[in-house]
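The primary structure of each chain is shown beneath.
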Amino acid sequence: MARRRRLERKPLLAVVITAVFFAWLYLPILAVALFSLNDKKSLSSFSGFSLRWYDDLAHNAALLDSLVASLTIASIATVGSVVLGTMLALGLERVRSRRGRVIGAITLLPLVTPEIVTGVAALLLFTGIGMKLSMTTVVLAEITFSIAYVTVIVRGRLAGIALEVEEAARDLGCTPAQAVRLVILPMLVPALLGAALLVFALVFDDFVLAFFTTGVDPQPLPVRVYSSIRFGVSPAINAIGTLMLLASALLIVAALTLPRLFGRGSSSLDLITGGHR
């Protein structure tokens, strides 16, 4: 028993390293949120709390247009990637041959490929076919990049659904399309919801792909913020950064918790695996 208690005791060094890690990771973010409430135009000294920079943001037409553009891009990319990724996952789950395994491995490449490589490739493709850079090119690039996330999550959930479920539906008179629509898709709701929220959060604040594929105007919000920083950091940038952080955090929390509403046994891990315990 004494040995077991010693093993269960938390090592002090591990606790210290964990605390230092989280401090290093989140203190700069907290500084951005703090100085977004500063009552004077300073990024080095804090003199008092004020919402003047949020009011300045509310009257900044360029930043608001970019915010609308980012929300539009994220919404369209989420719908497109969820539809295409789900179709791909359904197809791959039914192809059990070596060809299917190869295609499944290729699907994972966007997850391990540096995003800057994907951005440059998308830029070369669009310019090579004579397509003008605009919100459309950003949406196409984001959908292409996000399909892999949806496919991995949905395939994980499909792996937990026995083939006998679909076969039983077909024995009861369903066509293959009806079996998928009426039986399989409702069982995929937790995975689809988690994948959609995750993709929206990733696309909304994605900078690299947007930087390489966006046009002149309206620019996505991350690109607009980067362009503004090059000419001097305004406290209004801290305000929009804080709002983006809060929005992304809320989406991630929703993606982790909402799947619990669709059945027992689901947990936050369902977001990654797409399955149930």
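Scoring rules and cut-offs
- Residues numbered from 1 in each chain as written.
- Predicted model: local features only at pLDDT ≥ 70, side-chain atom pairs only at ≥ 80, totals over all residues.
- Heavy atoms only, no water.
- Helix = DSSP H or I, 4+ residues; strand = E, 2+ residues; numbered from the N terminus.
- Buried < 20%, exposed > 50% of the residue type's maximum accessible area, 1.4 Å probe, protein only.
- Areas by Shrake-Rupley, 256 points an atom, 1.4 Å probe, with all protein chains shown as cover.
- Phe/Tyr/Trp six-rings, centres within 6.5 Å; stacked < 30°, edge-to-face > 60°.
- Expected span 1.5 Å × (residues − 1).
- Arc of directions from axis to C-beta.
- Contact = heavy atoms within 4.5 Å.
- Axes fitted to C-alpha atoms, helices over the stretch in contact; angles between N-to-C directions.
- Parallel < 35°, antiparallel > 145°, perpendicular 65-115°, else oblique.
- Nonpolar A, V, L, I, M, F, W, Y, C, P; charged D, E, K, R; others polar.
- pLDDT = per-residue confidence, 0-100.
- Patch = residues over 30% accessible without salt bridge, like charges linked within 9 Å, V, L, I, M, F, W, Y side chains within 5 Å.
- Salt bridge = Lys/Arg side-chain N within 4 Å of Asp/Glu carboxyl O.
- Core = buried A, V, L, I, M, F, W, Y, C linked by side-chain atoms within 4.5 Å.
- Polar contact = N/O pair within 3.5 Å; in protein donor to acceptor, adjacent residues only side chain to side chain.
- Left-handed = near helix turned anticlockwise from the far one by under 90°.

Considerations on the overall build of the protein chain
Phase 1 of the analysis: Across its full length, the protein chain holds 15 helices and 0 strands.
Phase 2 of the analysis: Counting all 277 residues of the protein chain, 36% fall into the buried class.
Phase 3 of the analysis: In the form shown here, the protein chain has an accessible surface area of approximately 16,300 Å², with 69% of it arising from carbon and sulfur atoms.

Section: the packing of aromatic side chains
Phase 1 of the analysis: Overall, the coordinates contain 8 aromatic pairs when judged by the stated rule.
Phase 2 of the analysis: An angle of 75° between the planes, with centres 5.3 Å apart, marks the rings of Phe21 and Phe22 as edge-to-face.
Phase 3 of the analysis: Overall, the relative accessible area of 47% leaves Phe21 in the partly exposed class.
Phase 4 of the analysis: For Phe22, a relative accessible area of 41% puts it in the partly exposed group.
Phase 5 of the analysis: Ring centres of Phe211 and Phe212 lie 5.5 Å apart, and the angle between their planes is 85°; on these two criteria the pair is classed as edge-to-face.
Phase 6 of the analysis: By relative accessible area, which is 39% here, Phe211 ends up partly exposed.
Phase 7 of the analysis: Looking at Phe212, the relative accessible area reads 19%, which means it is buried.
Phase 8 of the analysis: Counting every residue linked through ring pairs, the aromatic cluster contains Phe207, Phe211, Phe212 and Tyr226.

Some details on helix H7 (residues 115–128)
Think of an α-helix as 3.6 residues a turn; residues three or four steps apart then line up on the same face.
Phase 1 of the analysis: Relative to the 20 Å expected for 14 residues at 1.5 Å per residue, H7 spans 20 Å between its end C-alpha atoms, a close match to the ideal helical length.
Phase 2 of the analysis: All of the buried residues in H7 are Gly119, Ala122 and Phe126. An end-on view of H7 places all buried positions within 65° of arc, on one side of the element. When the buried face of H7 is taken as reference, the exposed residues oriented beyond 90 degrees from it are Leu124 and Gly128.
Phase 3 of the analysis: Turning to H7, the residues buried within the fold contact helix H8 (135–159) and helix H12 (208–213).

Considerations on the packing of helix H4 (residues 61–94) against helix H13 (residues 221–229)
A pair of packed helices is captured by two measures, namely the crossing angle of their axes and the spacing between those axes.
Phase 1 of the analysis: Where H4 meets H13, the closest approach of the two axes is 8 Å, and the angle between their N-to-C directions is 150°. Here H13 runs roughly antiparallel to H4, going by the angle between their axes. Taking contact as the criterion, the partners of Ala62, Leu63, Ser66, Leu67 and Ser70 in H4 are, on H13, Leu221, Pro222 and Arg224.
Phase 2 of the analysis: Its residues assigned to classes, the contact of H4 with H13 comprises 5 nonpolar, 2 polar and 1 charged.

Side note on the confidence of the model for the protein chain
Phase 1 of the analysis: Summarising the model, the protein chain shows a mean pLDDT of 79, and 85% of its residues fall at 70 or more.
Phase 2 of the analysis: Element-level pLDDT for the protein chain is lowest in helix H15 (residues 270–273), with a mean of 43, against a maximum mean of 91 in H12.
Phase 3 of the analysis: Taken as a whole, residues 264–277 scores under 50 in pLDDT and shows 34 contacts with residues more than four places along the chain or in a different chain.

Quick look at a nonpolar patch on the surface
Phase 1 of the analysis: On the surface, Phe21, Phe22, Leu25, Tyr26, Leu27, Ile29, Leu30 and Leu245 cluster together into a nonpolar patch covering about 750 Å² of accessible area.
Phase 2 of the analysis: Top element by residues in the nonpolar patch is helix H2 (residues 12–35). It accounts for 7 residues.
Phase 3 of the analysis: As for its placement among the helices and strands, Leu30 is situated in helix H2.

Concerning the nonpolar core
Phase 1 of the analysis: Membership of the largest hydrophobic core comes to 44 residues, with the highest contact counts inside it found for Val154, Leu158, Ile184 and Leu188.
Phase 2 of the analysis: Contributing elements (two or more residues each) for this core: H4, H8, helix H10 (176–187), helix H11 (189–204), H13 and helix H14 (235–257).
Phase 3 of the analysis: With 11 residues, the top contributor of residues to this core is H11.
Phase 4 of the analysis: With residues near it in sequence (within four places) discarded, Val154 still touches Thr86, Ala89, Leu188, Ala191 and Leu192.

With respect to the side chain of Ser66
Phase 1 of the analysis: Positionally, Ser66 belongs in helix H4.
Phase 2 of the analysis: The buried category is assigned to Ser66, whose relative accessible area is 0%.
Phase 3 of the analysis: Within polar-contact distance, the side chain of Ser66 engages the side chain of Arg224 at 2.9 Å.
Phase 4 of the analysis: Residues within four places of Ser66 in sequence aside, it is in contact with Gln219, Pro220, Leu221 and Arg224.

Here we look at the packing of H4 against H8
Phase 1 of the analysis: Two numbers describe how H4 lies on H8: the axes approach to 6 Å, and their chain directions differ by 40°. When the axis of H4 is compared with that of H8, the two are oblique. As for how H4 packs across H8, the hand of that crossing is right-handed.
Phase 2 of the analysis: Split by residue class, the contact of H4 with H8 holds 19 nonpolar, 7 polar and 3 charged.

Observations concerning the side chain of Thr213
Phase 1 of the analysis: Along the chain, the position of Thr213 falls in helix H12.
Phase 2 of the analysis: For Thr213, a relative accessible area of 0% corresponds to the buried category.
Phase 3 of the analysis: Looking at Thr213, its side chain comes within polar contact range of the main-chain oxygen of Leu209, at 2.6 Å.
Phase 4 of the analysis: Beyond its immediate chain neighbours, meaning those up to four positions away, Thr213 contacts Ala122, Leu123, Phe126, Leu133, Ser134, Thr137, Val138 and Ala141.

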